[in-house]
Each structure stands twice: as C-alpha cells, then as structure tokens.
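Listed below, chain by chain, are the residues.
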Amino acid sequence: MMVHAQSMRALWLSMPDSILPYISKDQRKEMIDLADNSSKTEVNNLLNGKSVIDSVTDRYLAATVSGSFRIQMRLLPSSDGDSLLCVVRTFLAPEPESELRFYTRQWTEVPMRRCFENGRSLQELASSLLVRPDSMPESRFAELRKLIDPIMVSATLSPDNDSIDISLSLPLLSNDERKQINTIVLQRKLNWNGTTFN
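Let us look at the structure shown here.

Calculation criteria
- Residues numbered from 1 in each chain as written.
- Predicted model: local features only at pLDDT ≥ 70, side-chain atom pairs only at ≥ 80, totals over all residues.
- Heavy atoms only, no water.
- Pairing = 2+ DSSP bridges.
- Helix = DSSP H or I, 4+ residues; strand = E, 2+ residues; numbered from the N terminus.
- 1 Å grid on protein atoms, 1.4 Å probe; cavity = no way out; pocket = protein on both sides within 12 Å on 5 of 7 lines; lining within 4 Å.
- Points joined across faces, edges and corners; volume = space filled by probe spheres on them.
- Salt bridge = Lys/Arg side-chain N within 4 Å of Asp/Glu carboxyl O.
- Buried < 20%, exposed > 50% of the residue type's maximum accessible area, 1.4 Å probe, protein only.
- Contact = heavy atoms within 4.5 Å.
- Phe/Tyr/Trp six-rings, centres within 6.5 Å; stacked < 30°, edge-to-face > 60°.
- Axes fitted to C-alpha atoms, helices over the stretch in contact; angles between N-to-C directions.
- Core = buried A, V, L, I, M, F, W, Y, C linked by side-chain atoms within 4.5 Å.

### Overview of the sheet that holds strand β1 (residues 43–44)
The strand order β1-β2-β3-β4-β5-β6-β7 describes an open sheet built from 7 strands, whose pairing is antiparallel. Looking at strand neighbours, the two that pair on one side only are β1 and β7 (109–110), the edges of this open sheet. Pairing analysis gives 8 bridges linking strand β4 (residues 69–76) to strand β5 (residues 84–91), with the strands arranged antiparallel. What sits directly across from Q72, in β5, is V88.

Right, here's the structure in full:
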C-alpha cells in the first residue's frame, strides 16, 4: 500500500517540467491521485508510452517514466535544518547511467559537489569503484581500466533509508571482458550524514 505525506506529493506536483519532460503536471497529478487511492498509477505520457509511480512514501518516490528512463526522489535531512531533495534520473539503454541533482523544496538547485565526500562529483566517485587486488600486477590493472570507456555510473536511492548505491555500468564489453572487469569493480553504498553522502 502506498502511503505518503503532503511533502512528497507537493514536490512531485511542483517539479519543473525540465526535470521530467515526458509527464505533464496534469499527468503527475493524475498519477499521485491514483496512488492516494491505492490504484494502478499508470498514465499515458507525452511520448505515447506508459509512465507509472512504482513507490511513494513521505520521503521517497520512484517512477518508471518509460522503458528507458526512471526517476527517484528522496528528501534528506540537512544539518542546517531544512531538507534537501535528492533526484536521481537514470537512463536505461544500453546500460543504466544516472545523473544526480540536489534541490531545495522550492526546486532551487544546490551545487552537487558539496553533497559528496571530499567534494567529488558522481563521475569522480567512479575511480573509487576500481580496486586492484593485491595479487594483480599494476600492468594488468591498467589494461582492465582501459576497457572501461566511457565510464558510466549508475546510482540508486534506497527507499528505506538515507543511502545511495553507486555502481559502474559496462555497456560495451563482451561477457568475457565483464568477468575480467568484475575482479576490479566494487559497488559502494554511501550514507547521508546531514551534509554529504560518504
């Protein structure tokens, strides 16, 4: 059952069209009204496809906008007393690639660099997902790193707590290359501390 407070409903409805161009404000209202009634939230989007709210709580919302695009939103407590809204937009073809933004409740964008450990961006975090095993020569590690181009990062907000999972997407690799790369790739879970994910 979907239960949510006014805050996430209001944020979903007040979202600028530039963040979610496939769904009009009227369609977003229809979707959230259906969620209020525990009904199927599917609507026809502006691209003649289907969009659906997958999950909504007082601080979290996830929606599948199309077969190749999803959005997640989570309200995060802030050390300065006001909440920040974290929005992850993920494009799903050929592999997931995410972009992450932070906003005030009034949809004013907050510089992302202040929201990650050591002032890093999402792309810069990718380097922390590559680790050379002690038994692997530096030259082999360098070879494997060269296979990961372009670097694509996938991010997933937790519906249950203030954390985010970060992983690499590997779209242009064969199955054999993926197996080799998996020996050096980690997934990271970062927790929100009121100021940054770390």
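### Brief notes about empty space enclosed by the protein
Applying the stated criterion to the full structure yields 1 cavity of 30 Å³ or more. Along its surface, the largest cavity is lined by L147, I148, D149, P150, S169, L170, P171, L172 and L173.

### Comments concerning the pattern of salt bridges
All chains considered together, the criterion is met by 12 salt bridges. Taking the shortest distance from any N to any O, the salt bridge between R28 and D17 comes out at 3.6 Å. Pair noted here: R28 is in helix α2 (residues 25–36) and D17 is in the loop between α1 (6–14) and α2, with a separation of 11 residues, a long-range link. Among the residues examined, R28 registers a relative accessible area of 1% and is labelled buried. As a salt-bridge pair, D162 and R59 come within 2.6 Å of each other at their nearest N and O atoms.

### Side note on the environment of Y103
Looking at where Y103 falls in the secondary structure, it is placed in strand β6 (residues 97–103). Here the alpha-carbon distance between Y103 and L75, two residues 28 residues apart in the chain, equals 9.5 Å. Contacts of Y103, omitting those with residues within four sequence positions, involve I19, L84, L85, V87, T108, E109 and V110.

### Topic: the packing of aromatic side chains
Per the counting criterion, the structure on display carries 6 aromatic pairs. With a centroid separation of 5.1 Å and an interplanar angle of 55°, the aromatic rings of Y103 and W107 are classed as tilted. Overall, Y103 belongs to the buried group, its relative accessible area being 8%. Note on W107: relative accessible area 11%, which makes it buried. Taken together, the ring pairs in this structure connect Y22, F69 and F91 into an aromatic cluster.

### Thoughts on the sheet that holds strand β10 (residues 188–191)
In spatial order, the strands read β8-β9-β10; together these 3 strands make up an open sheet with antiparallel pairing. The open sheet has two free edges, formed respectively by β8 (152–157) and β10, since each of these has just one partner strand. Across the sheet, the mean angle separating the axes of adjacent strands is 25° when strand polarity is ignored. Relative to β10, strand β9 (residues 163–169) is paired through 4 bridges, and the arrangement is antiparallel. Each residue of the ladder has a partner; that of I166, found in β10, is R188.

### Quick word on the nonpolar core
One finds L100, F102, I164, L168 and F197 to be the most contacted residues of the largest nonpolar core, which totals 34 residues. Secondary structure elements with two or more residues in this core: β3 (60–66), β5, β6, α3 (122–125), α4 (138–147), β8 and β9. Judged by nonpolar contacts, the second largest core, of 25 residues, contains I53, L61, A63 and V87.

### Things to note about the environment of S66
Mapped onto the elements, S66 comes out in strand β3. The residues touching S66, leaving out its near neighbours within four places in the chain, are Y22 and K50.

### Quick notes on unusual backbone geometry
A cis amide bond links D149 to the next residue, P150, at an omega of 5°. Mapped onto the fold, P150 is located in the loop between α4 and β8. Even without glycine at this site, N48 takes up a positive phi of about 65°. On the secondary structure map, N48 appears in the loop between β1 and β2 (50–56).

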